[in-house]
Amino acid sequence: MTSNLFKWACKGLKYFLWTLLGFAIAYVISHIFEVSAVSILLLSILLPWLSRIAIFILCLFVVAIVDESCR
């Protein structure tokens, strides 16, 4: 039986990866059409936030795994 915490972590990882895919597509399309404003926005503003969210999801997985192993 998996805990709800692990299910939430998996769901969070799924949506985070979909978001990363969307940003990657936007980044590639902005380079194709030479729109530098989108590239600067993606790299300067969103990259720190995406890294924080990735660390949070990783910590959520660690807590869920430790919780499952202690039961």
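These figures come from a predicted structure and were not determined experimentally.

1. Regarding the environment of T2
Part 1 of the argument: Considering the arrangement of structural elements, one finds T2 in the segment before α1 (4–32).
Part 2 of the argument: Assessed through its relative accessible area of 47%, T2 is described here as partly exposed.
Part 3 of the argument: Sequence separation between T2 and E68 is 66 residues, and the spatial gap between their C-alpha atoms is 7.7 Å.
Part 4 of the argument: Those residues within four positions of T2 in sequence are excluded, and the remaining contacts are K7 and E68.

2. A closer look at the state of the cysteines
Part 1 of the argument: Scanning the model with the defined rule gives 0 disulfides in all.
Part 2 of the argument: Left unpaired, C10 is separated from the closest cysteine sulfur, that of C59, by 15 Å.
Part 3 of the argument: The class for C59 is partly exposed, based on a relative accessible area of 42%.

Rules used throughout
- Residues numbered from 1 in each chain as written.
- Predicted model: local features only at pLDDT ≥ 70, side-chain atom pairs only at ≥ 80, totals over all residues.
- Heavy atoms only, no water.
- Helix = DSSP H or I, 4+ residues; strand = E, 2+ residues; numbered from the N terminus.
- Buried < 20%, exposed > 50% of the residue type's maximum accessible area, 1.4 Å probe, protein only.
- Contact = heavy atoms within 4.5 Å.
- Disulfide = S-S within 2.5 Å.

Shape is all these values report; function is a separate question.
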